[in-house]
Amino acid sequence: MNYTTEGVTIRPIIEQDLHRMWELSFKDENPEWKKWDAPYYEHQTLTYEVFLEKRDKIVAQDDYWGIEVDGELIGMVSYYWEHQSSLWLEMGIVIYEPQYWSGGYGTKALTMWIDHLFHEMPLVRVGYTTWSGNARMIKVGEKLGMTMEARLRKVRFWNGTYYDSIRMGILREEWESGLS
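In this text, all values refer to a predicted model and were calculated from it rather than measured experimentally. (Residues numbered from 1 in each chain as written. Predicted model: local features only at pLDDT ≥ 70, side-chain atom pairs only at ≥ 80, totals over all residues. Heavy atoms only, no water.)

Draft legend 1. Quick peek at the overall build of the protein chain. When its secondary structure is counted, the protein chain shows 5 helices and 8 strands. The order of helices and strands in the protein chain, counted from the N terminus, is β-β-α-α-β-β-β-α-β-α-β-β-α. Relative to the 2.2 N^0.38 estimate, which gives 16 Å for 180 residues, the radius of gyration of the protein chain is 16 Å and therefore close to what a compact globule would have. At a minimum sequence separation of 6, the contacts of the protein chain that also span at least 24 residues come to 61%. Counting every atom, the protein chain has about 9800 Å² of accessible surface; 49% of that belongs to carbon and sulfur. In the protein chain, the 19 positive side-chain charges and the 28 negative ones have mean positions that sit 7 Å from each other. (Helix = DSSP H or I, 4+ residues; strand = E, 2+ residues; numbered from the N terminus. Rg over C-alpha atoms; globule rule 2.2 N^0.38 Å. Contact = heavy atoms within 4.5 Å. Areas by Shrake-Rupley, 256 points an atom, 1.4 Å probe, with all protein chains shown as cover. Lys, Arg positive; Asp, Glu negative; His and termini not counted. Charge placed at Lys NZ, Arg CZ, Asp CG, Glu CD.)

Draft legend 2. Broad picture of the nonpolar core. By size, the foremost hydrophobic cluster in this structure holds 49 residues, and its most contacted members are Ile67, Val77, Met91 and Leu117. If you tally residues by element for this core, the top one is helix α3 (residues 105–120), at 7 residues. Setting aside residues up to four positions removed in sequence, Leu117 forms contacts with Tyr79, Leu89, Met91, Leu123 and Val126. (Core = buried A, V, L, I, M, F, W, Y, C linked by side-chain atoms within 4.5 Å. Buried < 20%, exposed > 50% of the residue type's maximum accessible area, 1.4 Å probe, protein only.)

Draft legend 3. The arrangement of the layout of surface pockets in detail. Put simply, the largest pocket is a space of about 1400 Å³. Taken together, 49 residues make up the lining of the largest pocket; nearest its centre are Asp37, Met76, Gly92, Ile93 and Val94. Sorting the residues of the lining of the largest pocket by element identifies β4 (72–83), β5 (88–95), α3, β6 (125–131) and α4 (135–143) as the ones contributing at least two each. Among the elements that take part in the lining of the largest pocket, β5 stands out by supplying 6 residues, more than any other. Among the residues making up the lining of the largest pocket, the classes are represented as 25 nonpolar, 13 polar and 11 charged. The calculated volume of the second largest pocket comes to roughly 150 Å³. Together, Glu29, Asn30, Pro31, Lys34, Lys35, Pro39, Glu42, His43 and Trp158 line the second largest pocket. (1 Å grid on protein atoms, 1.4 Å probe; cavity = no way out; pocket = protein on both sides within 12 Å on 5 of 7 lines; lining within 4 Å. Points joined across faces, edges and corners; volume = space filled by probe spheres on them. Nonpolar A, V, L, I, M, F, W, Y, C, P; charged D, E, K, R; others polar.)

Draft legend 4. Expanded view of the packing of aromatic side chains. Counted according to the given criterion, the structure contains 13 aromatic pairs. For the pair Trp33 and Tyr96, a centre-to-centre distance of 5.1 Å together with 85° between the ring planes defines the contact as edge-to-face. A residue pair is termed long-range when its members are at least 10 positions apart, and Trp33 in the loop between α1 (18–25) and α2 (48–52) and Tyr96 in the loop between β5 and α3 qualify at 63 residues. Considered together, Trp33 and Tyr96 belong to a single accessibility category, that of buried residues. Taken together, a centroid distance of 5.8 Å and an interplanar angle of 85° make the contact between Trp131 and Trp158 edge-to-face. Within this pair, whereas Trp131 is found in strand β6, its partner Trp158 is found in strand β7 (residues 147–158), the two being separated by 27 residues in sequence. Note on Trp131: relative accessible area 2%, which makes it buried. A relative accessible area of 22% means that Trp158 is categorised as partly exposed. Ring pairing ties together the aromatic residues Tyr3, Trp65, Tyr79, Trp81 and Trp113, which thus form one cluster. (Phe/Tyr/Trp six-rings, centres within 6.5 Å; stacked < 30°, edge-to-face > 60°.)

Interpretation note: all reported values are geometric properties and have no functional meaning in isolation.
Here it is in structure tokens:
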């Protein structure tokens, strides 16, 4: 199963993607993308061999898909359970390649991912958490019709500055009514 819109595809990761995913995510010591994706958590490089030990959590998984633009893997979308018995799911996205930032690729990928999650699961809400230093992630949530549900002030410390933790979310009925 995969979804495509205007040259952007989201799909499950396949075995042939592993080397590219490693290059994008764990090869470099200080990747540019990490400055925006929760930089207050330490980034750890991995050798390709160690990365391959995680293949069972990456390949053909429901909760971790790749983002492709015109056939090139550029990022990933994911979800995790905040509290599964109450169907509280949080999602995530990383576009690793800076040349694909601010081009609408993330918005397209998240639109397809939210559609997929609501279609495949009996969810009431889908959301994500970001930080106030990542204005692009806040903006994409707004473009998708999400509500800023929480703002925890000055709880993320990075490079000598405190930032807010931001939680964005949308309810199924809001998404389906076209408010997105």
